[in-house]
Amino acid sequence: KKISPVSVRGVTQDEHSETRIWSSLAISYEGYPDVYIQDIQAIDLPRLEDWIHTRLVHVGEPLQPTFALSAPGGFDEFPRYLSQHGPVVGIDLNRSAHFPADADVLFWIEPEEVSESHITNIKRFLESGRTVVLAGSTYNVEYMNSGSDVPPAISYLVGKRPAAWEQLLRPFGLKPVPDLLMDRNAGSATVMMSDGTPRSVETAFHLRNLPAFRDFRRLSTPARGGLSFAAASPLQIDPLRVAQAGYRADIVATTTEHARVRPLPAGPFTDADLASSISVPKQNLMVLLSPRNSWSGQLLVLASAAPFRDGIISQSGY
């Protein structure tokens, strides 16, 4: 039945001991794959009855998750992809701290307003066993055509985003670094120019994260294809605060070892201005927080909202 024992170590008087304990559950139903829960402990017992009942009720009709999505304009394609896996409910967390009671997974993209109520409700949402995905950065970039060349040259202007992103991550032991992050692994990204026209732009701060720099072992699908992290703020991990919040941090995606940073430019700049930068070790692009209590949900944080943005999420190679 693929059930595994648990090794329990202890000390009796002055001698070490190790015991193998079989404390697992398999649900078998003819014609369907077996379902397992391993390493059942006392803390799990109050939840087992509901867990078994739900599995049996839906044995012939797998449960579909309900997604809640709070995102600004520019993310209209993403819910169409999500809807292939379950219903999507649009919400606006910048105006309200209310979380849908029937949602299983919450996506909050580029938050602008964060209150204590938001933090409290996210923690309750996670404690109930559901999943939260957060994506944002400390800055955004405006793209401008300049000159009479064909195609015209491009200049950039950085705008600092509200402090909400940093406020949202702080209680979970994460900190976004307000630097312009660049990498040798860069690629094109379809962006909206200041005149309202879309254009494919390749520059050093349009990071192209490849599967070789992702660790998806704790996720349910393998790492396939590229992910675009345009205008990303690398994520610093404070292990002490992560532990105090009741989680363990796993790095899911990083830059290559050829990453560079520079302070956010104060005015317009071009690709030629990016030569003056500082080499840094690999920087964190995705961090997964897994709870110590296995019945609680996971929190996935992305250092940029670009993987979900219109034009990028559907472009070839991503």
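Only a predicted model underlies this, so the values are computations on that prediction, with no experimental measurement involved.

**Student:** Help me understand the environment of G90, please; the structure alone is not making it clear to me.
**Tutor:** Summarising the element assignment, G90 is placed in strand β6 (residues 88-90). Residues G90 and P79, spaced eleven residues apart in sequence, show a C-alpha to C-alpha distance of 8.7 Å.

**Student:** Help me out: how do you make sense of a nonpolar patch on the surface in this one?
**Tutor:** A cluster of nonpolar side chains, Y29, Y32 and L56, forms an exposed patch at the surface whose accessible area comes to about 290 Å². Structurally, L56 is set in helix α1 (residues 45-57). Look at L56 and you get partly exposed, because its relative accessible area is 41%.

**Student:** What should I look at first to understand the pattern of salt bridges in this one?
**Tutor:** When the charged atoms of two side chains lie near each other, side chains of opposite charge can form a pair. Counting across every chain of the model gives eight salt bridges. Residue E110 is joined to R309 by a salt bridge in which the shortest nitrogen-to-oxygen separation is 2.6 Å. Separated by 199 residues along the polypeptide, E110 in the loop between β7 (105-109) and α3 (116-127) and R309 in the segment after β21 (299-302) bring together distant segments of the chain. Accessibility expressed as a relative area gives 12% for E110, which makes it buried.

**Student:** How should I be thinking about the side chain of E77 in this particular structure?
**Tutor:** On the secondary structure map, E77 appears in the loop between β5 (67-70) and α2 (78-82). Summary of buried charges: E77 has no salt-bridge partner, and the nearest side chain of opposite charge, R80, is 4.6 Å away. Those residues in contact with E77 that lie beyond four places of it in its chain are D310, G311, I313 and S314.

**Student:** I keep staring at the environment of L168 and nothing clicks. Help me out?
**Tutor:** Secondary-structure assignment places L168 in helix α4 (residues 164-169). Residue L168 is classed as buried on the basis of its relative accessible area, which comes to 0%. Between the C-alpha atom of L168 and that of L56, which follows or precedes it by 112 residues, the distance is 38 Å. If near-sequence neighbours (up to four positions away) are discounted, L168 is found in contact with W108, P111, V114, I119, I122 and L134.

**Student:** Help me understand unusual backbone geometry, please; the structure alone is not making it clear to me.
**Tutor:** Negative phi characterises most residues that are not glycine, and trans characterises most peptide bonds. Look at D39: it is not a glycine, yet its phi comes out positive at around 55 degrees. Looking at D39, the relative accessible area reads 31%, which means it is partly exposed. Phi is positive for A231, close to 55 degrees, though the residue is something other than glycine. Its location among the elements puts A231 in the loop between β15 (227-230) and β16 (235-237). Exposure remark for A231: the relative accessible area of 9% places this residue in the buried category.

**Student:** Looking at this structure, how should I read the pairing of β7?
**Tutor:** One face of the sheet, then the other: side chains in a regular strand alternate in exactly this way. Burial analysis of β7 places five of its five residues in the buried class, which makes it a mostly covered element. A two-sided burial pattern is seen for β7, the buried positions comprising V105, F107 and I109 on one face and L106 and W108 on the other. Here β5 runs beside β7; their pairing, made up of four bridges, is parallel. Considered in β7, the bridge of F67 is made with V105. Relative to strand β8 (residues 131-135), β7 runs parallel, the two sharing five bridges. Looking at the pairing, V105 lines up with T131 of β8. Tracing the backbone out of β7, into α3 and back to the parallel element β8 gives a crossover that is right-handed.

About the cut-offs
- Residues numbered from 1 in each chain as written.
- Predicted model: local features only at pLDDT ≥ 70, side-chain atom pairs only at ≥ 80, totals over all residues.
- Heavy atoms only, no water.
- Helix = DSSP H or I, 4+ residues; strand = E, 2+ residues; numbered from the N terminus.
- Patch = residues over 30% accessible without salt bridge, like charges linked within 9 Å, V, L, I, M, F, W, Y side chains within 5 Å.
- Areas by Shrake-Rupley, 256 points an atom, 1.4 Å probe, with all protein chains shown as cover.
- Salt bridge = Lys/Arg side-chain N within 4 Å of Asp/Glu carboxyl O.
- Buried < 20%, exposed > 50% of the residue type's maximum accessible area, 1.4 Å probe, protein only.
- Lys, Arg positive; Asp, Glu negative; His and termini not counted.
- Contact = heavy atoms within 4.5 Å.
- Pairing = 2+ DSSP bridges.
- Right-handed = clockwise from strand over helix to strand, strands pointing away.

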